[in-house]
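# Working through the structure, step by step
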Amino acid sequence: MEPTTVGKPGFLRNIFGRVLLFGVLIIIVRFAYVVTVTGESCDIGDFCFFSFSDNLNLVIPGSGGSGTSAVTANNVVRSTSSEVHSRRDPYTTKEWIGAVRFYSSVFQDLISEGYLSPHAKSLCVETPNGQDVFALKEIGVDDAIGISKKQSKPLVIKGEGHMMPFGNNTFDFIFVGGGALDRSLKPADFASEIIRTLKPEGFAVVHAKAKDTYSFNSFIDLFDSCKLVKFHDIDGFNSSMPHIREYVLKKEVETFLGRGLDKPDGIFDKKCTVPGHKHELVRDAEPLILEEPLKPWITLKRNIANIKYMTSLADISFKRRYVYVDVGARSYGSSIGSWFRKQYPKQNKTFEVYAIEADRAFHEEYKRKKRIKLLPYAAWVRNETLSFEINHDQHKEPGDKSGGRGMGRIQPANSLMGGEVNRIQGFDFAEWLKNTVTQKDFVVMKMDVEGTEFDLIPRLFETGAICLIDEIFLECHYSRWQRCCPGQRSSKYDKTYGQCLDMFNSLRESGVLVHQWW
């Protein structure tokens, strides 16, 4: 009997059949993923089973007034072949559809309330993906465009909120969603551009994070040529902004002649009144030390741990600039480097720093410090020449790089004093402050001027400059108990601790958030 052999063709057919079945399984799984999971058609996949007509309509359920509406897909949705391989189609994701539904609802409400019309020339600002633009077109506002740092045509062209590529009085309606103004590094320029490009009697709608009274008033101050028509809190559509405050503003008067021109602040009233929302913050401040400490150099220094900074009580996002003024700065390490730069909570804002120091021994150091503006003069109540006395105190403050150099005091030039005396220039600090900052800025001040605070603080009230300062760290100098000699008071100053308390109380009662400094 001859041996039986297996035929080669049968073996190959078996292998081929298995490969074919496996390939069909892969195709089915791929098709199921594309159609049921990602919601994509073969127009954006790597291969097609069939193709759709060029005038296919994309339907967003619940986005139109009647429950459904459509936008021609070949105008908005279709991707080029180069885009197919670089990214998924964003117009079919759940996030995209959810955002479109949210914005459609918002805009429909604005139409019903008369703040938006189908014929309004509309702009959406800082919209990377253009869901809000899409939503406007969905509900019939056809003349709508968005701007973002990176364009995403046809919905979004290149542009930024603080420098918009449009002329004055271009739009009837401007929308800022997604907390874009909150995140802006230039909120004042952002607001100015909205006002500049908005037509008179036009409406701007801004979505910001719902926050405190201070940030609310700061926001309103940015739009000083607009009227706040309404504001209310709504629920957001994702976790990045679960709570939204919607502001509706109306441009009342023409105030801009071109980019870069700001509305004048007008004449600053000498008898300013600190607004009520600042009084609310003062009520939340740490209590003052009412009893005179026996060891003030210890008690006052420890008190810094109890300080409730304004930036821990309120959001400061909507301010034009952020300014720190150190009056009596001494060396860089005395307070700017050792405390303000390292410890003061800044909410990720970049502060302009002014160092006011009359002692020439520290001037050379500041020339080597970047982003610090040195005023090599003495803060005073008027512009005049003064005598500056160096008190050779050998007690060195922690972090002070002055080599134990004593504190300097100023007196009128005709005063008789002993020790090291120099002639220096004094300047009207209150007037300088009024010419340097505005109420749209966030201003923090530290003052350590060896007793001159009893001249400077009343001058700030007299001129109204006190209203420009948001937070003060004040060292009040009085005849305190001496460290060297128990039971003896210093004869360097003639004020009492009670007089210092009177000054702190008067500042807080006026709505100024002041802290006892050491």
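Just above, that's the structure.
Everything in this summary refers to the structure shown in the same document. Everything quoted here is computed from the prediction, not taken from an experiment.

## Overview of the overall build of the protein
Summing up its helical and strand segments, the protein has 16 helices and 19 strands in all. Split into buried and exposed, the 518 residues of the protein put 47% on the buried side. Long-range contacts, defined here as pairs at least 24 residues apart, represent 71% of the contacts in the protein between residues at least 6 apart. Put simply, the protein shows about 26300 Å² of open surface, and 53% of that area lies on carbon and sulfur atoms.

## Description of the nonpolar core
Core analysis: the largest hydrophobic core is formed by 50 residues, its most contacted members being Phe 429 and Leu 460. The dominant element in this core, judged by the number of residues it contributes, is helix H16 (residues 497-509), at six residues. Sequence-distant contacts of Phe 429, that is, excluding residues within four places in its chain, are made with Val 325, Val 327, Ile 356, Ala 379, Trp 380, Met 445, Met 447, Leu 456 and Leu 460. Listed in part, the 30 residues of the second largest apolar core include Phe 134, Ile 139, Val 156 and Phe 173.

## With respect to the sheet that holds strand S12 (residues 372-375)
One open sheet holds the six strands; their spatial order is S12-S11-S10-S17-S18-S19, and the pairing between them is parallel. Of all the strands in the sheet, the pair left with one neighbour each is S12 and strand S19 (513-516). Between one strand axis and the next, the sheet turns through 15 degrees on average, direction left out of account.

## What about the environment of Phe 219?
Positionally, Phe 219 belongs in helix H8 (residues 213-222). What Phe 219 contacts, discounting residues up to four positions off in sequence, is Leu 181, Val 206, Tyr 247, Leu 249 and Phe 318.

## As for the state of the cysteines
Throughout the structure, instances matching the rule amount to two disulfides. Sulfur-sulfur distance for the disulfide between Cys 272 and Cys 467 comes to 1.8 Å. Negative torsions about the S-S bond denote left-handed disulfides, and the value of about 90 degrees found for Cys 272 with Cys 467 makes this one right-handed. Of this pair, Cys 272 sits in the loop between strand S9 (243-251) and helix H9 (276-283) while Cys 467 sits in the loop between helix H15 (453-463) and strand S18 (471-474); the two residues are 195 residues apart in sequence, bridging distant segments of the chain. A relative accessible area of 23% places Cys 272 in the partly exposed class. Given a relative accessible area of 3%, Cys 467 falls into the buried group. Disulfide partner of Cys 476: Cys 500, at an S-S distance of 2.0 Å. Between Cys 476 and Cys 500 the disulfide shows an S-S torsion of about -80 degrees. By sign, it is left-handed. Pair noted here: Cys 476 is in the loop between S18 and H16 and Cys 500 is in helix H16, with a separation of 24 residues, a long-range link. Assigned by exposure class, Cys 476 and Cys 500 land together as buried. Across the protein, the way the bonded cysteines pair up, counted in sequence order, is 1-2, 3-4.

Cut-offs applied
Residues numbered from 1 in each chain as written. Predicted model: local features only at pLDDT ≥ 70, side-chain atom pairs only at ≥ 80, totals over all residues. Heavy atoms only, no water. Helix = DSSP H or I, 4+ residues; strand = E, 2+ residues; numbered from the N terminus. Buried < 20%, exposed > 50% of the residue type's maximum accessible area, 1.4 Å probe, protein only. Contact = heavy atoms within 4.5 Å. Areas by Shrake-Rupley, 256 points an atom, 1.4 Å probe, with all protein chains shown as cover. Core = buried A, V, L, I, M, F, W, Y, C linked by side-chain atoms within 4.5 Å. Pairing = 2+ DSSP bridges. Axes fitted to C-alpha atoms, helices over the stretch in contact; angles between N-to-C directions. Disulfide = S-S within 2.5 Å.

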